[in-house]
Amino acid sequence: RALLRVLRVRPHQHRPLARLTHLPVLDAPARNVAIRRADPRNQWLLSTTTDIVLVPREPGAKLSDVIAPLEPALYHLPRFDVPEGLWEALDRRDPIGAMASCAHWGSRLHLNEIVEGDPAVKYEAPGDFQLIPMAVARQLCGFDERMLFTYHMDSNFAKRAGLLLGPVRSLFDQLRLY
């Protein structure tokens, strides 16, 4: 909690688009608020979802250790789905234990099967992990807020980022995403 900053996008800020969708929260405007209000010292933006467990391949490695030597690019990861019964059994108050469980299940239950997607996004479900230099995210003006149904918002972002940074790269050698 000491590392998190919670930004709230209030309902009245979503209302102008509410008649166009059934969704109570609009993903693109919410993510753009985070981009605009992020600490200007941040060099990287990780756009992700709240339902992931990120596991370093090297036990004990921190995400900052993985990111530190990276060249400017857009990085994606494949997502490995954990069966719902196992997912619900994870103790949300024990992130180290959740990471260990996911890593164990991934290899033991053969969950670590990569599903490739369009070359612009590399893997299916690109919105679960998009790591990009913050300056480039701001140059792109974030996510396209006309995309109300989040399904293509991340692909659109990746395609636009690719025009500036070249093809999407993978961090699969260093990280697993469940």
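Residues numbered from 1 in each chain as written. Predicted model: local features only at pLDDT ≥ 70, side-chain atom pairs only at ≥ 80, totals over all residues. Heavy atoms only, no water.

Considering the nonpolar core
As a rule of thumb, nonpolar side chains are buried together in soluble globular proteins. Put simply, the rule reads: Side-chain atoms within 4.5 Å link the members of a nonpolar core, which is a set of buried Ala, Val, Leu, Ile, Met, Phe, Trp, Tyr and Cys residues. Relative accessibility decides the category of a residue: with a 1.4 Å probe and only protein chains considered, values under 20% of the type maximum give buried, values over 50% give exposed, and everything between is partly exposed. For helices the rule is a DSSP run of H or I covering at least 4 residues; for strands it is a run of E covering at least 2, with both sets numbered from the N terminus onward. The contact rule is simple, with two residues in contact once any of their heavy atoms fall within 4.5 Å.
Residues Leu74 and Ile132 are the most contacted members of the largest nonpolar core, which totals 18 residues. At the level of secondary structure, the elements contributing two or more residues to this core comprise α2 (27–37), α6 (134–139) and α7 (153–165). If one sorts the elements of this core by residue count, α7 sits on top with 5 residues. Apart from the residues within four sequence positions on either side, Leu74 is in contact with Gln130, Leu131, Ile132, Ala158, Ala161, Leu165, Val168 and Arg169.

Details of the environment of Arg160
Positionally, Arg160 belongs in helix α7. On the accessibility criterion, Arg160 (23% relative accessible area) is partly exposed. For Arg160, the residues in contact, after removing those within four places along its chain, are Leu140, Gly142, Phe143 and Asp144.

Some thoughts on the side chain of Thr21
For Thr21, the position within the fold is in the loop between α1 (11–18) and α2. Take Thr21: its relative accessible area is 12%, and that puts it in the buried class. Non-local contacts of Thr21, meaning those with residues more than four positions away in its chain, are made with Leu26, Leu148 and Phe149.

A word on the sheet that holds strand β1 (residues 44–48)
Hydrogen bonding along the main chain pairs the strands of a sheet, whether they run parallel or antiparallel. Note the cut-off: Whether two strands pair depends on DSSP finding at least two bridges between them.
Read across the open sheet, the 4 strands follow the order β1-β4-β3-β5; overall the sheet is mixed. Two strands bound the open sheet, and with one partner strand each, they are β1 and β5 (169–170). Bridging between β1 and strand β4 (residues 129–133) involves 5 bridges; their strand directions are antiparallel. Looking across to β4, one finds that Leu45 is bridged to Ile132.

Quick word on the environment of Ala28
Tracing the chain through its elements places Ala28 in helix α2. Residue class for Ala28 comes out buried when judged on its relative accessible area of 1%. The spatial distance from the C-alpha of Ala28 to the C-alpha of Leu171 is 24 Å, given a sequence separation of 143 residues. Contact partners of Ala28, with chain neighbours within four places excluded, come to Phe143, Asp144, Glu145, Met147 and Met153.

Digging into the pattern of salt bridges
Worth spelling out the cut-off: A carboxyl oxygen of Asp or Glu within 4 Å of a side-chain nitrogen of Lys or Arg is what we treat as a salt bridge.
Tallying each qualifying case throughout the model produces 9 salt bridges. For the salt bridge of Arg79 with Asp81, the shortest nitrogen-to-oxygen distance reads 3.6 Å. In this structure, Arg79 and Asp128 form a salt bridge, with 3.0 Å as the shortest nitrogen-oxygen distance. Here Arg79, found in the loop between β3 (75–76) and α4 (84–89), pairs with Asp128, found in the loop between α5 (95–108) and β4; they are 49 residues apart in sequence, far enough to count as distant.

Side note on α5
Applied cut-off: Expected span of a helix, by definition, is 1.5 Å for each gap between consecutive residues, and there is one gap fewer than residues. Directions pointing from the helix axis toward each C-beta atom define the arc.
With 14 residues, α5 ought to run about 20 Å at 1.5 Å a step, and its terminal C-alpha atoms sit 20 Å apart, in line with that. Every buried residue of α5 is listed here: Ala98, Cys102, Trp105 and Gly106. Taken around the axis of α5, the buried residues stretch over an arc of 105°, which confines them to a single face. Opposite its buried face, α5 presents the exposed residues Ile96 and Arg108, each directed more than 90 degrees away. Packing partners of the buried residues in α5 comprise β2 (54–56) and α4.

Considerations on the packing of aromatic side chains
Our working definition: When the centres of two rings from Phe, Tyr and Trp lie within 6.5 Å, Trp using its six-membered ring, the rings pair. Their planes under 30 degrees apart give stacked, over 60 give edge-to-face, and anything left gives tilted. Note on criteria: charge over ring means Lys NZ or Arg CZ within 6 Å of the ring centre, with the direction from the centre no more than 35 degrees off the ring normal.
Counting across every chain of the model gives 4 aromatic pairs. Ring-pair connections join several aromatic residues into one group, and the members of that group are Phe80, Phe172 and Tyr178. In this structure, Arg176 is placed above the aromatic ring of Phe172, and the distance from its NZ or CZ to the ring centre is 3.8 Å.

On their own, these measurements won't tell you what the molecule is for.
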